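Per-entry structural report
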Amino acid sequence: ANVSATGTGIQKAISFALAQVGDPYLWGGNGPDAWDCSGLMVASFRQIGISLPRRSIEQYTRGTSVQYGQWQPGDLLFYGFSPGSIHHVALYIGGNQIVHASRSGVPVKVAFAPSGGGSDYLGAKRVA
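Only a predicted model underlies this, so the values are computations on that prediction, with no experimental measurement involved. The residue numbering used here restarts from 1 in each chain and proceeds along that chain's sequence as written. Local features are withheld for residues below a pLDDT of 70 in this predicted model, meaning they are given only at 70 or higher, and side-chain atom pairs are given and counted only at 80 or more; totals for whole chains, interfaces and linings count all residues. The side-chain quantities take in all heavy atoms of the structure and omit both hydrogens and water.

Some words on the nonpolar core
The set of buried Ala, Val, Leu, Ile, Met, Phe, Trp, Tyr and Cys residues whose side-chain atoms join them within 4.5 Å is what this entry labels a nonpolar core. Burial here depends on accessible area, computed with a 1.4 Å probe over protein chains only, as a share of the maximum for the residue type. Under 20% is buried, over 50% is exposed, and the range in between is partly exposed. With 26 residues, the main nonpolar core has Met 41, Phe 45, Leu 52, Leu 76 and Leu 91 as its most contacted residues. For this core, the secondary-structure elements that each account for two or more residues are helix H1 (8-19), helix H2 (37-46), strand S2 (76-79) and strand S3 (88-94). Sorting elements by how many residues they give to this core places H2 first, with six residues. Whether two residues are in contact is decided by their heavy atoms, any of which lying within 4.5 Å being enough. Contacts of Leu 52, omitting those with residues within four sequence positions, involve Met 41, Val 42, Phe 45, Gln 59, Arg 62, Leu 76 and Val 127. Strands are runs of DSSP state E lasting at least two residues, helices are runs of H or I lasting at least four, and both sets are numbered from the N terminus onward.

Shown next as structure tokens:
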């Protein structure tokens, strides 16, 4: 699918992710009531016909790189000290904010980008 990042498509993916805010974190969670970080991204982008790999480390191999601070709504922000150590992904929603499923005991939430996803921000990809 070729969906413009400025169009309504990406807003549908973002709206889906935001609708999960408050759901519990679950390692390996694919929804509909509990999520891990990459499972939430897979489900969100499925809403607009974009298929992502299940694991965040594999999601990083998709799309085009986005420079720090040049994020647009729908970009994926990745965390890890190297491409081989990626352990987290979050969805940029605009306004310097991300939505993500961060860790056990913390429900899906909105946080500031990129620090809200962790101290080891690695890079961002635009997949839509």
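A look at unusual backbone geometry
For the bond running from Gly 31 to Pro 32, omega is 5°, close enough to zero to count as cis. When you line up the elements, Pro 32 lands in the loop between H1 and H2. That bond from Ala 113 to Pro 114 is cis: its omega, -10°, falls within 30 degrees of zero. Mapped onto the elements, Pro 114 comes out in the loop between strand S5 (109-112) and strand S6 (121-126). Located in the positive-phi region is Asn 96, a residue other than glycine, with phi close to 60°. Relative to the helices and strands, Asn 96 is located in the loop between S3 and strand S4 (97-100).

Here we look at the pairing of S2
Burial of S2 is two-sided: the residues Leu 76 and Phe 78 facing one way and the residues Leu 77 and Tyr 79 facing the other way are all buried. We call two strands paired when DSSP finds no fewer than two bridges between them. Bridge count for S2 against S3 is four bridges, and the pairing is antiparallel. If you follow Phe 78 over to S3, its bridge partner there is Val 89. Two elements, S2 and S6, share four bridges in a ladder whose sense is antiparallel. Opposite Leu 77, over in S6, you have Ala 124 as the bridge partner.

Some details on the layout of surface pockets
As defined here, a cavity is a set of points on a 1 Å grid over the protein atoms alone where a 1.4 Å probe fits but cannot get out. A pocket is an open set with protein on both sides within 12 Å along at least five of seven lines, and residues line them when an atom is within 4 Å of a point. Grid points are joined across faces, edges and corners, and a volume is the space filled by probe spheres set on the points. Taken as a whole, the largest pocket encloses approximately 340 Å³ of empty space. Forming the boundary of the largest pocket are 19 residues, of which Trp 27, Cys 37, Ser 56, His 87 and His 88 lie nearest the centre. Sorting the residues of the lining of the largest pocket by element identifies H2 and helix H3 (56-59) as the ones contributing at least two each. Classifying every residue of the lining of the largest pocket by side-chain character gives five nonpolar, nine polar and five charged. Residue polarity follows a fixed list, in which Ala, Val, Leu, Ile, Met, Phe, Trp, Tyr, Cys and Pro are nonpolar, Asp, Glu, Lys and Arg are charged, and the others, Gly among them, are polar.

Remarks on the sheet that holds S5
Taken together, the six strands give an open sheet; going across it, the order is S1-S6-S2-S3-S4-S5, and neighbouring strands pair in antiparallel fashion. What marks the edges here is a single partner per strand, and that holds for strand S1 (64-66) and S5. Ignoring strand direction, the axes of neighbouring strands in this sheet form an average angle of 40°. Lines fitted to C-alpha atoms define the axes, with helix axes restricted to the stretch in contact, and inter-axis angles between N-to-C directions lie between 0 and 180 degrees. Across the face of the sheet, H1 comes into contact with S3, S4 and S5 while running at roughly 115° to S3. Strand contacts of H2: S2, S3 and S4, with the helix running at about 45° to S3, the strand carrying the most contacts.

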